[in-house]
Each structure stands twice: as C-alpha cells, then as structure tokens.
Amino acid sequence: MKQFTLLFLAFSFVSCSQKAYLFTSFHEPAHEGLRLLYSYNGRKWKDMNYVFLKPEIGNQKVMRDPSMVQGPDGVFHLVWTSSWRGDKGFGYASSKDLIHWSSQKFIDVMSQEPTTVNVWAPELFYDDVQKDYKIIWASAIPERFERGMEEDSNNHRMYVTTTKDFEKFSPTRLFLEPGFSVIDAVIVKRAVKDYVLVLKDNTRPERNLKVAFSESAIGPWHNVSKPLTAHFTEGPSVVKVKDRWLIYFDAYKQKSYDALATKDFVHFEDINNEIKVPEGHKHGTIVPVKKKLIKRTLKEINKK
C-alpha cells in the first residue's frame, strides 16, 4: 500500500509538472492574425512573438476574439470574429500542431435572420457530456428585444450552435436572454451538472462582468450576479490553477489587463499583483496544454 501511494504521488507530481497554458491573442487593429501567449503557472505570461494564422475570410478580414480548444483527439479548433459588421458568421480553422493550419472556413450561423447586424466573439466549449462542441456568440437583431438605453444595432443577445465535426452544425438558437444587452460569454464547467457563465453586461449603465449558473452547458442560466468588475471591462478568459479559478479580463478604458481569483464564483479577489500580461495583448481564451507542446512550438517558430 505504501509503495502504491508513493507511485501515485510521483505520477501526480509528474502530471502536474507537465501542465502549462496557452492564451490566444490578437493585437489591434486585428488585421495581423492569431498570436499566442504562454505560461507555466497561469499567472506570468510571455508572448511567442509570432503570427500563427493570418485572417483570409469575412467582409473585413480581421481576426478578433480568437477562441481555441483542444479536442479529445488532440486537434486544436479555433474560431474568431471576422468582421465588426455585416458578417452572418465567423471564421474557423484547425491544427494538430499550431504551426500548420487547415484552410480557413466561414461558418454561417445567422443568415436565417437577415437583419442581423453582427456576429461577435464566438466562444468554443467542448462538452464532455454530450461529446460535442458548443459555440456561443453575440448578435444584435434590431427590434427583437427590449433595448432600454441601447441602440438597436448594439442590443445583443447570445446565440448557440453545436457540432461534432465542424462540418455539420445544429440550427442556431437563442442561448441567453438575461433581459439586457450581453456579449463576451464564457462557459465554465465546475463539476457534473454545475456550470458557470462569465458574461459582459453590455448596457450603457453597466459594461462590466457578471456570472450566471446552470446545471447544463446549454442552460437555462439563472441567478445573474451583481458586477464583479468596474465599468468598461470585457473579454473574460477563465482558467483553473490549483484550487482557484482565475478570470482575466480587458479593462479597456484604463488600458490594462486585469484578473480576479475565486474558489466559488461568489467571492472574488483582485490578483493584479500576481499576474503579468504582455503589453498589446487583446482577449482570447486560455487552453491548458503540456509543457512539451510549448517547447516544441517555440523551437519551430525560432526556425522561421
């Protein structure tokens, strides 16, 4: 029994020591393409200083809000905002090694709503229960929802489609209607039947981050919280490091990149003194990976 315990602890140590993190990124004005930050502890980040994928699709051919997940087969899937206005979908590409990418595809998700103004910040989530990928995004459809102080062209709600292979997609449907304009939502799984949605309340009085809760990755979402952050904050990215969830976000008015930590999504701690994010980084998603992937990727890009 003692030998088994020692072996288990040794294995756990090796497994933990192999963990690292990638942070998808872009620089304004977003025509350059996909950048990646990396970290070995989830708090101190370095820029790989390399453009991995240049945008080729969409009306404006930009790459904003890149969201990436690694599927159970090891393949990386990437989606992004391809235009500020006019597009009825978003960009998609995949890669096995982050260096070589598939042909870019435009995923049309809102043509059934011809008055759709935009498709913003598509966010990927791999659902290990349904064995599929959820993709959520914000769109404004004029005269569809009560708008309060919002212009119709800025009155967003969250929508969703699902796919198993990025070839066939379920019909688009409403994902979140919290009674206010909402963008930049991220699904977080804490446990079986225990999910958190970190979102931006984009109404003029607010423009801050909140959380909601559900027993399913697809909702319905309830108990929308009070603001977690100050005004003029957006683009949450969430990662679990040891026993804490870290929520990174863009404090765009004060031109800083900040973070909170929480164990329960009820109480939050400012951890700006713990983090370091390279200047110019704009929000994406954080992907846990093995250290050897980062070392291999750095070696490859240094050859170019």
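### Brief notes about the sheet that holds strand 7 (residues 105–108)
For step 1, the next point in the chain: An order of 4-5-6-7 is seen for the 4 strands of this open sheet, with the pairing classed as antiparallel. The open sheet has two free edges, formed respectively by strand 4 (64–70) and strand 7, since each of these has just one partner strand. Neighbour to neighbour, the strand axes of the sheet diverge by 30 degrees on average, direction disregarded.
For step 2, the next point in the chain: Pairing between strand 6 (residues 89–95) and strand 7: 4 bridges, direction antiparallel. What sits directly across from glycine 89, in strand 7, is aspartate 108.

### Focus: the pairing of strand 10 (residues 156–163)
Regular strands place side chains that alternate from one sheet face to the opposite one.
For step 1, the next point in the chain: With 8 of its 8 residues buried, strand 10 lies for the most part within the structure.
For step 2, the next point in the chain: Going residue by residue along strand 10, you find His156, Met158, Val160 and Thr162 tucked away on one face and Arg157, Tyr159, Thr161 and Thr163 tucked away on the opposite face as well.
For step 3, the next point in the chain: Note: strand 9 (residues 132–140) against strand 10, 8 bridges, orientation antiparallel. Directly across from lysine 134, in strand 10, lies its bridge partner threonine 162.
For step 4, the next point in the chain: Bridging between strand 10 and strand 11 (residues 173–176) involves 3 bridges; their strand directions are antiparallel. Looking across to strand 11, one finds that tyrosine 159 is bridged to leucine 174.

Calculation criteria
- Sequence order sets the numbering: in each chain, residues are counted from 1 along the sequence as written.
- Only residues with pLDDT of at least 70 get local features here, since the model is predicted, and only at 80 or more are side-chain atom pairs given and counted; chain-wide, interface and lining totals rely on the full set of residues.
- As a rule here, side-chain values cover all heavy atoms of the structure and leave hydrogens and water aside.
- DSSP bridges decide pairing: two strands pair if at least two such bridges lie between them.
- Elements are defined by DSSP. Helices are runs of H or I of four residues or more, strands are runs of E of two residues or more, and each kind is numbered from the N terminus.
- Note on geometry: axes are C-alpha line fits, over the in-contact stretch for helices, and angles between N-to-C directions span 0 to 180 degrees.
- Categorising residues by exposure relies on relative accessible area from a 1.4 Å probe, with only protein chains included: less than 20% of the type maximum marks a residue as buried, more than 50% marks it as exposed, and the intermediate range marks it as partly exposed.

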